[in-house]
Amino acid sequence: MRLLLLGNEAIAYGALASGLAVATAYPGTPSTEIVETLVEFRDRFVHWASNEKSAFELAYGAAVAGARSLTAMKHVGLNVAADPLHSAAYTGVEGGFVIVAADDPWMHSSQNEQDTRWYGVQAYVPVLEPSDPLEAYKYVKLAFDLSEKLRHPVILRSVTRVSHVRAPVEVEPPAPPKWGRFTRDVKRFNLVPANARELRKALVEKWEKIAELSADFITVEGSGDVFIVTTGVAYNYVKEALSRLRLDATVVKLGMSVPVPRSLRNLVGGEAVVVEEGDPVVEVQLRSLGVATRGKLDGYFPRYGELDTGKTALGLSKALGLPYSPPQPPKPPIEPTPRPPSLCPGCPHMATFYILRLATAGLSPVWSGDIGCYSLGINLGQQDLITHMGSSVGLGAGIAVAGKQFVVATVGDSTFYHAVIPQLIDVASKSIPLLIVVMDNAYTAMTGGQPSPSRAIPVEKITEALGLPTFVIDPVEVKKSVEVVKKAVEIVKSGRPAVVVSRRPCALVAVRKARRAGLQLPRYQVDPGRCTGCGLCYNLLRCSAIYRWPDGKAYVDPALCVGCGVCAEVCPFNAFKPEGRREAWLELWQQA
Amino acid sequence: MATSIVVVGVGGQGVLTLARWIGEASLSEGYDVRIAEVHGMSQRGGSVEVHVRFGKVVYAPIVEEGGADYVVALEAVEAVRAFKYLKPGEVLVVNKRVIQPPGRWISEEELLGSLQRSGVKTYIVPAADVARELGSVLYENAVMLGFLSQLLGLPMPPSLDDRNREAFRRGARLFV
């Protein structure tokens, strides 16, 4: 069956064809669609975990018991799971264990650029690197076989331009899942120092064997005295750059980029140009083998961002001293206005931010933010720090104890379960004055709406169990909510922590459900006779369905309005009028 | 040689779907295809940019600046933003629709006029108007697809439903 598959879908189908039994993940761009695809297959154990460490441990445990398992995450997710990753190399596994980590060069949807392959070097875990969806499909199968043969975890490193590229992939039917059964082996699975020391020695020896095996993953194309060593998505740019430069070269493609094959030195005759996406991971390894390289370390290729054919051709021409003139992009006829990502029309976070602004008026709070859709509160001046999952409560508590500032920590429900519960325990046990606002929209919305645990385990059950005073609001009830949040603000002003849970599901999910249910959404329109052009709706509320018309008055784009009615709650002049009724819609929405 | 297309628009307009349809159509003609999508944060009401490349053999999944044979825009401000991708002298296809970005208001006349005067071969397609006639602005991507099918010589992709087929046919008739 030939399908036009995303790289991530190809990885999922490759895993199914390999007899995958257990798959876990926490969603994160660009890795999400792997487990999203697997969720449909009910004869396997597939789970959206609360975070990457939990996801990793579940799959690792299954592999220890002999099952074929996979865990998927984005590059920064592997930081969260880094602790068990390093142990997994010591114990090894019994069933095939594949860790898919998807890097995001140039940060399309991430807080930093990171090269997962360093983790392979540091943790002694081999890294396979597919160059496109076709290879992604093939390499998952190779990774399972290799992992089982070595009884060792294997990382499959993807990047945005493999995970989120669609290509025609030939897919085989799924193989029956391979489950397992744990066999006791105390010396192997108890990493107390006496055992771990023995395992460490064995690991270093095993690593040299893996480095030999790495040669099985080399493919050589072309001919010529110039050797180009490449891996992953960079291979594609090399292929097109060579024809553009009309250059004959020997292209050595590494399917396993960590560890590099020791035989490579003989193959390339001691000298090579290295083209890779991310950090100079292959290049550093080659230099350690005594190969004279030209690549990122000398500045022939950029150390940040993604490669493309142009950058690759330019880098090769500089490294080899060839003439090359890159294409000149045309200048746009006018300067394009920036269009940053923004909260969707009807997004409950939009109303929550507005409520928080009113309830904390005069306090000029520090807005300690977090990773998720509410990061877009940055457009509203309501995210002063966003550094990593869980930074809201973690860093916010630090700022609160550093001085006398009023701190509002805003965090979504999925991130709440993922990364702030231990920090909340610290905040509660030390009674650190912090207003914690959990924006519970019931989904991991930024990655496309995976369910979060919020329905099964309500946030307030956890915060109340910690002894934190907790208030629940519905953000579309703006005026009522402001009064409730003010009570929480008073508690924080008196020197204690308090929690507000702002609960309303993601509007995108709700609108989709309403369409399926055939429900006609109400829409709001501006009565130009009443609108004074005060700008409160488009400047302060910032609903992206509301424009400022050139005369200063507000205008609602009917194609964008989803009838949340927050504008009508907010407008002091009663200028917003609904078409259609709101009650049934709000009720269906809250159930979405 | 591969044909390189950059498809742009605003999150929610069906940019990804349009790019996928172009991919399906080229696949059904026996071409190799790569479609580079962008997911996650960039889709939240922001600029969306998808690269499609098809040909006998395709390697690189993305198009560099100055490397596109076609820029296809579902929205006019995004057409201006993606202008840098065009190869000198190549073709811009833009839907007659403006979704105002936050901040500065730009009129449709100013936007489309500047593109027409840019010296680039520019097609302005009233896809949004046709889609509204068909009952929903949601069909504008299928109207654009119909127009492109004539320009690129590609067939209707097999996966369209009845309403989108009608939109496709209306779009194809706009090409003269």
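Sequence order sets the numbering: in each chain, residues are counted from 1 along the sequence as written. In the order they appear in the text, chains get letters beginning with A and ligands get numbers beginning with 1. In view of the model being predicted, local features appear only for residues whose pLDDT reaches at least 70, and side-chain atom pairs are presented and counted only at 80 or more, with totals across whole chains, interfaces and linings using the full set of residues. Excluding hydrogens and water, the side-chain values take into account all heavy atoms of the structure.

- In the annotation of an unreviewed UniProt entry, the entry for chain B reads Indolepyruvate oxidoreductase subunit B, and the organism field reads Pyrobaculum ferrireducens.

- Looking at an unreviewed UniProt entry, one finds chain A named Indolepyruvate oxidoreductase subunit IorA, with Pyrobaculum ferrireducens as its source organism.
- UniProt positions are given in the numbering used here, feature names are shortened, and annotations may be inferred rather than shown by experiment. What UniProt states about chain A under its Function (unreviewed entry) heading is, verbatim, "Catalyzes the ferredoxin-dependent oxidative decarboxylation of arylpyruvates."

1. Notes on the confidence of the model for chain B
Detailed reading of the predicted model is not advised wherever pLDDT is low.
All names here are of chain B.
Here is step 1: Model confidence for chain B is summarised by a mean pLDDT of 94, while 98% of its residues fall at 70 or above.
Here is step 2: Known as pLDDT, the predictor's confidence for each residue is given on a scale from 0 to 100. Segments assigned H or I by DSSP are reported as helices when at least four residues long, segments assigned E as strands when at least two residues long, and all are numbered from the N terminus. Summarising per-element confidence for chain B, the mean pLDDT is lowest in helix α3 (residues 108–116) (94) and highest in strand β4 (residues 68–73) (98).
Here is step 3: Across the interfaces of the predicted complex, the ipTM metric reaches 0.95, alongside a pTM of 0.93.

2. Quick notes on the pattern of salt bridges
All names here are of chain B.
Here is step 1: For this document, the term salt bridge refers to a Lys or Arg side-chain nitrogen within 4 Å of an Asp or Glu carboxyl oxygen. Following the criterion strictly, the structure yields 47 salt bridges over all chains and no others.
Here is step 2: The partner of Asp69 in a salt bridge is Lys87, and the shortest N-O contact between them spans 2.7 Å. One end of the pair, Asp69, is in strand β4; the other, Lys87, is in strand β5 (residues 86–95), with 18 residues separating them in the sequence.
Here is step 3: In this structure, the salt-bridge partner of Glu108 is Lys96, at a minimum N-O distance of 3.9 Å. Within this pair, whereas Glu108 is found in helix α3, its partner Lys96 is found in the loop between β5 and α3, the two being separated by 12 residues in sequence.

3. Quick look at the environment of A:Val154
Here is step 1: If you trace the backbone, A:Val154 turns up in strand β7 (residues 154–159).
Here is step 2: Contacts are assigned to residue pairs that have any heavy atoms within 4.5 Å of one another. The residues touching A:Val154, leaving out its near neighbours within four places in the chain, are A:Phe97, A:Val98, A:Ile99, A:Val125, A:Pro126, A:Leu128, A:Ala143, A:Leu146 and A:Ser147.

4. Section: the interface of chain A and chain B
Accessible area lost upon the coming together of the parts serves often as the stated size of an interface.
Here is step 1: In this complex, chain A contributes 58 residues to the contact, which on the side of chain B involves 51 residues.
Here is step 2: Here chain A packs against chain B, burying approximately 4600 Å² in sum over the two surfaces, 62% of which is carbon and sulfur.
Here is step 3: Among the residues chain A hides against chain B, the three largest losses belong to A:Arg166, A:Thr337 and A:Arg339. Together they make up 18% of the total.
Here is step 4: Counting across the interface, chain A meets chain B through 6 salt bridges.
Here is step 5: Between B:Glu78 and A:Arg339 there is a salt bridge, with its nearest N and O atoms 2.5 Å apart.
Here is step 6: Whenever a nitrogen or oxygen atom comes within 3.5 Å of another N or O atom, the pair is scored as a polar contact, on the condition that within protein one atom can donate a hydrogen and the other can accept it, and that pairs from neighbouring residues in sequence are kept only if both atoms are in side chains. Seen at the junction of chain A and chain B, the total is 13 residue pairs in polar contact (both at pLDDT 80 or more).
Here is step 7: The set of elements that each furnish at least two residues to the side of chain A that touches chain B consists of β1 (2–6), β8 (165–170), α11 (234–245), α14 (309–320) and β23 (546–548) of chain A.
Here is step 8: Top element by residues in the side of chain A that touches chain B is α11(A). It accounts for 6 residues. Joining two parts hides part of their accessible area as seen by a 1.4 Å probe, and the buried area is that hidden amount summed over both.

5. As for the UniProt feature "binding site: [4Fe-4S] cluster 2" (unreviewed entry) in chain A
Residues and elements named next belong to chain A.
Here is step 1: Mapped onto this numbering, the UniProt entry annotates "binding site: [4Fe-4S] cluster 2" (unreviewed entry) at Cys543, Cys561, Cys564 and Cys567. Spanning 25 residues, the named residues form one tight spatial group whose C-alpha atoms are at most 10.5 Å apart.
Here is step 2: Mapped onto the fold, Cys564 is located in the loop between β24 (554–556) and α22 (566–570).
Here is step 3: Given the relative accessible area of 9%, Cys567 is considered buried. Burial here depends on accessible area, computed with a 1.4 Å probe over protein chains only, as a share of the maximum for the residue type. Under 20% is buried, over 50% is exposed, and the range in between is partly exposed.

6. A short note on the UniProt feature "binding site: [4Fe-4S] cluster 1" (unreviewed entry) in chain A
All names here are of chain A.
Here is step 1: According to UniProt, the feature "binding site: [4Fe-4S] cluster 1" (unreviewed entry) maps to Cys531, Cys534, Cys537 and Cys571 in the numbering used here. The greatest C-alpha distance among the annotated residues, which extend across 41 residues, is 10.5 Å, indicating that they converge on a single site.
Here is step 2: Looking at the element boundaries, Cys534 is found in the loop between β22 (523–526) and α21 (536–541).
Here is step 3: For Cys534, a relative accessible area of 44% gives the class partly exposed.
Here is step 4: The residue Cys537 is located in helix α21 in this model.
Here is step 5: Beyond its immediate sequence surroundings of up to four residues, Cys537 is in contact with Arg542, Cys543, Ile546, Ala554 and Phe576.

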